[in-house]
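The chain contents come next:
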Amino acid sequence: MRIIAFLSLLTLIVADAIFSQTAGFADRDPRYRLQPTDVLEVHYRYTPEFDQTVAVQPDGHVSLQIVGDVKVQGLTVEEAKAEILAKAALRLREPEITLVLKEFEKPYFVVGGEVTNPGRFEMRGQLTALQAVAMAGGFKTLSAKHSQVILFRRVGPDLAKTELLDLKRVMDPSAPSEPLADLHSGDLLIVPQNRVSKIERFIKWSNIGFYVAPPTL
C-alpha cells in the first residue's frame, strides 16, 4: 500500500511538472541573460566594415573591433547593446548598432544518483526540486535518501554552493507546508544512496563526483 500511494503521489507531481513546463515562462516572462559560449552578431548601420560575429568567452567578455573587450555575461541583449554602444561612441560619431543573439544554451538541470532515469533535462519553466526528481522518473528505491537530496548550484568557474533538501518532508501531507525554491538553470540534484553525515557549504565543482558515487568504507 505504501508503494501504491508513493507512485500515485509521483504521478500527480509529474502532471504538475508538465503543467509548469507549458505555463511557467508565460507567467514569469524572464529575459534571457548572456553566458559563455553564446554567439552574438553585431551590425553597424553606418560602418558595416566593423560587423562581427563573436562568441562570449569563458570570462564573460566579447572582443570587438573599435570597441575592444566588453563584459556581457549576465546582461540581457538590450543591456549588452547599451554597453557596446557606450564604448563605440568613444570612437564613432553617433553609432547605431543591431545586436542579435544567434546561438545560446537552453536552460537545463541535471538529476543524478538514486533516480530511475538520471540525466540532463531541458528547463522550460518554473520548476522545483521535487518536480525535477519526478521528471527523472522518481526515486529509484524507497531506501533512497529523499530526505537528503543535495542541490549543487554553480557560483564560480569551479565552485558550487550546496544545500540539503528534505523532499521527504515536502511529500508528507501531514507535515506543515513549506515553500520549495525554484531551480536555476545549470543546477545539479543528487539523490544519495547513503546518508550524508556532513557536506561543506561550498565545494569545488570537480569534487561533486564523490557525492554521486561515494566510496564504500
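The sections below set out a description of the structure shown in this document. Predicted model only: the values in this text are computed from it and were never measured.

**A short note on the sheet that holds strand E10 (residues 188–191)**
In sheet architecture, strand pairing relies on hydrogen bonds along the backbone and comes in two forms, parallel and antiparallel. If you walk across this open sheet you meet the 6 strands as E7-E6-E10-E8-E9-E11, and the pairing is mixed. One side of each edge strand has no neighbouring strand; the edge strands of this open sheet are strand E7 (119–122) and strand E11 (202–204). Across the sheet, the mean angle separating the axes of adjacent strands is 30 degrees when strand polarity is ignored. For strand E8 (residues 149–156) and strand E9 (residues 159–165), the ladder comprises 7 bridges, and the chain directions are antiparallel.

**Notes on the environment of Pro192**
Looking at the element boundaries, Pro192 is found in the loop between E10 and E11. Its relative accessible area of 5% is what places Pro192 among the buried residues. Between the C-alpha atoms of Pro192 and Ser147, which are 45 residues apart in sequence, the distance is 9.6 Å. In contact with Pro192, not counting residues within four places along its chain, are Glu114, Ala144, Lys145, Gln148 and Val149.

**Comments concerning the environment of Glu103**
Tracing the sequence through the fold places Glu103 in strand E5 (residues 97–103). With 66 residues separating them in the primary sequence, Glu103 and Thr37 have C-alpha atoms 8.2 Å apart. If sequence neighbours within four positions are ignored, Glu103 has contacts with Asp38 and Val39.

About the thresholds
- Residues numbered from 1 in each chain as written.
- Predicted model: local features only at pLDDT ≥ 70, side-chain atom pairs only at ≥ 80, totals over all residues.
- Heavy atoms only, no water.
- Pairing = 2+ DSSP bridges.
- Helix = DSSP H or I, 4+ residues; strand = E, 2+ residues; numbered from the N terminus.
- Axes fitted to C-alpha atoms, helices over the stretch in contact; angles between N-to-C directions.
- Buried < 20%, exposed > 50% of the residue type's maximum accessible area, 1.4 Å probe, protein only.
- Contact = heavy atoms within 4.5 Å.

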